[in-house]
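# Secondary and tertiary structure notes
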Amino acid sequence: MAVSPLAGVQYPRSMGEFAAWFSADADCRDYLEWLRWPDGFVCPRCAQLGGWRTADGRLMCIACGARRSPTAGTIFDRTRTPLTLWFTACWLFATQKDGISALSLKRSLEIGSYQTAWAMLHRVRSVLVRPGRDRLQGKVEVDETYIGGQELGLRGGRAKGKKALVAVAVERIEPRGFGRARMAPLADTSADSLRAFLVDNVEPGATIITDGLQSYRPAVIEPYIHDRLVGAAGPAASKLLPGVHTVSSLAKRWLLGTHQGAVDEAHLASYLNEFVFRFNRRRSRSRGLVFYRVLELATAHDPVRYRNLIANPEPRARMPVPPATRGHPASLERPPANRPWRTTRPPNSA
Ligand SMILES: [Zn+2]
């Protein structure tokens, strides 16, 4: 875990490399396969390690013959859109500092339908936050804010110019600066709603810094430590909670800028996820690495893989014969220059 992937080897460093690596759907499938089964194919049915590729691009278990597509269970599953287009969408999504709107994506990919571009971006967004993982730690500012209204016409809902209540949490770094952030829509400012947000987004043991709003008293109990800034509420609190103030402002500006305020209220949560995903990687120098992370998240959606971890915790005693010695489609033989990440891949059976 936590080993940094290599630039130019495991992910493309530039648009040029990207284009060279992923010129065909088979290249994209290879890459997804490698991300998903970095130590070789694991059978979803019998947890056997090792498989070979069938003519239609799926992997077949060497023991029981079960077949699995590298895209099954990922956001690319059963899509009619070519994988090369999906990869380009992910690349643009990851490498543009502020992301990309559905309209820009439609133009960039030269696809006919705005709906298709919009749906692709939503599928990509849907994988960005893993519940319960990467929760905030240490000293965490928490506050709530309204998004929408006059400046941002949230669509959907009955009232035009309606505002949505949003919870914001930001790690405070001593002596100054901010760490990671999380944001989510809130039903109301009740203790139950605030408590649910905290449990989802902040690690137990963290110190929660809030203003004097009464609901925080019952919301911030064990396993958290409460640092309540008594007497501070409303505009005066923004100076005492500079992290949430800054992050809220940036989020509103981003929604107005990249998405021009064209945000459906029903999808506000996923836009907020995208915003914090970008905010939390604001210091990442390599945009290619962000692309890698997006695809990694997209392929990690497979529940089978998780089950395998539990069902088959023992290292394998007997290693399967490499597919290469068994006769398989020539696609595995394509030159590694086309697929540089393959060069660091452990052989399927080694
Ligand atoms: Zn099997």
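Scroll up for the structure.
So, here's what we can say about the structure. Please read all numbers here as calculations on a predicted model, not as lab measurements. (Residues numbered from 1 in each chain as written. Predicted model: local features only at pLDDT ≥ 70, side-chain atom pairs only at ≥ 80, totals over all residues. Heavy atoms only, no water.)

This paragraph deals with the overall build of the chain. A tally of regular secondary structure across the chain gives 12 helices and eight strands. Counting across all 350 residues of the chain, residues that qualify as buried make up 48%. Pairs at least 24 residues apart make up 62% of the contacts formed inside the chain by residues separated by at least 6 positions. Of the roughly 17,300 Å² that the chain leaves accessible, carbon and sulfur atoms contribute 54%. (Helix = DSSP H or I, 4+ residues; strand = E, 2+ residues; numbered from the N terminus. Buried < 20%, exposed > 50% of the residue type's maximum accessible area, 1.4 Å probe, protein only. Contact = heavy atoms within 4.5 Å. Areas by Shrake-Rupley, 256 points an atom, 1.4 Å probe, with all protein chains shown as cover.)

For the rest of this paragraph, the subject is the coordination of the zinc ion. In this structure, Cys43 (SG), Cys46 (SG), Cys61 (SG) and Cys64 (SG) serve as the protein donors to the zinc ion, at separations of 2.2 to 2.3 Å. Bound by four donor atoms, the zinc ion shows angles of 104 to 118° at the metal and therefore tetrahedral coordination geometry. Ordering the donors of the zinc ion by residue number gives the pattern C-x2-C-x14-C-x2-C. Pair noted here: Cys46 is in the loop between α2 (25-36) and β1 (51-53) and Cys61 is in strand β2 (residues 59-61), with a separation of 15 residues, a long-range link. (Donors = N, O, S within 2.8 Å, 3.2 Å for Na, K, Ca; no water. Tetrahedral: all angles 85-135°; square planar, octahedral: opposite > 155°, others 65-115°.)

On to the pattern of salt bridges. For the structure on display, the rule yields 12 salt bridges. The partner of Arg135 in a salt bridge is Glu203, and the shortest N-O contact between them spans 3.5 Å. Of this pair, Arg135 sits in the loop between α5 (114-125) and β4 (139-148) while Glu203 sits in the loop between α6 (191-201) and β7 (207-210); the two residues are 68 residues apart in sequence, bridging distant segments of the chain. On the accessibility criterion, Arg135 (17% relative accessible area) is buried. Looking at Glu203, the relative accessible area reads 23%, which means it is partly exposed. Residues joined by salt bridges that share partners form a network here, namely Asp30, Glu33 and Arg53. (Salt bridge = Lys/Arg side-chain N within 4 Å of Asp/Glu carboxyl O.)

A word on the sheet that holds strand β8 (residues 225-228). Pairing is mixed in the open sheet, where five strands are placed in the order β6-β5-β4-β7-β8. On the outer flanks of this sheet lie β6 (178-185) and β8, each paired with one strand and no other. Taken over all neighbouring pairs, the strand axes of this sheet differ in orientation by 30° on average, direction set aside. Pairing analysis gives four bridges linking β7 to β8, with the strands arranged parallel. (Pairing = 2+ DSSP bridges. Axes fitted to C-alpha atoms, helices over the stretch in contact; angles between N-to-C directions.)

Here the focus is the sheet that holds strand β3 (residues 67-68). With antiparallel pairing, the three strands of this open sheet are ordered in space as β1-β2-β3. Strands with a single pairing partner mark the edges of an open sheet, and in this sheet they are β1 and β3. In this structure, β1 lies alongside β2, joined through three bridges in antiparallel fashion. Counterpart to Gly51 in the pairing with β2 is Cys61.

With that out of the way, let us pick up the pairing of β6. Residues in a regular strand point their side chains to alternate faces of the sheet. When strand β5 (residues 163-172) meets β6, the two strands line up antiparallel, connected through six bridges. The partner of Val170 across the bridge, within β6, is Ala181. Hairpin connection from β5 to β6: five residues lie between these consecutive antiparallel strands, with Gly177 at a positive phi of about 105°.

Our focus in this paragraph is the nonpolar core. Formed by 39 residues in total, the largest nonpolar core has its most connected members in Tyr31, Phe76, Phe87, Leu105 and Phe291. Taken together, the elements giving at least two residues each to this core come down to α1 (15-21), α2, α3 (83-95), α4 (102-109), α5 and α11 (287-299). For this core, the element with the highest residue contribution is α3, accounting for nine residues. Other than its neighbours up to four places away in sequence, Phe87 contacts Phe18, Phe22, Cys28, Tyr31, Leu32, Phe291 and Leu295. Counting residues in each nonpolar core, the second largest holds 22 residues, with Met183, Val247, Val263 and Tyr271 among its members. (Core = buried A, V, L, I, M, F, W, Y, C linked by side-chain atoms within 4.5 Å.)

Another aspect to go through is the packing of α3 against α4. In helix packing, the relevant descriptors are the interaxial angle and the interaxial distance, both defined with respect to the helix axes. Between α3 and α4, the least distance of the axes is 11 Å, while the angle of their chain directions is 130°. As far as their axial angle goes, α4 and α3 are oblique. By crossing handedness, the relation of α3 to α4 is classed as right-handed. In contact with Leu85, Thr88, Ala89 and Leu92 of α3, α4 contributes Leu105, Ser108 and Leu109. Within the contact of α3 with α4, the residues separate by chemical class into five nonpolar, two polar and no charged. (Parallel < 35°, antiparallel > 145°, perpendicular 65-115°, else oblique. Left-handed = near helix turned anticlockwise from the far one by under 90°. Nonpolar A, V, L, I, M, F, W, Y, C, P; charged D, E, K, R; others polar.)

This part is about the packing of α3 against α5. Interhelical geometry of α3 versus α5 gives an angle of 65° and a closest axis separation of 11 Å. Accordingly, the angle class assigned to the pair α3 and α5 is roughly perpendicular. Both α3 and α5 take part in a crossing whose hand is right-handed. Seen from α3, the contacting residues are Leu85, Trp86, Ala89, Cys90 and Phe93; seen from α5, they are Met120, Leu121, Arg123, Val124 and Arg125. Class assignment of the residues belonging to the contact of α3 with α5 gives a composition of eight nonpolar, no polar and two charged.

What follows covers the environment of Arg29. With respect to the helices, strands and loops of the structure, Arg29 is situated in helix α2. Here Arg29 falls in the partly exposed class, since its relative accessible area comes to 25%. Distance in space between the C-alpha atoms of Arg29 and Thr71 is 7.4 Å, their sequence separation being 42 residues. Those residues within four positions of Arg29 in sequence are excluded, and the remaining contacts are Gly57, Pro70 and Leu83.

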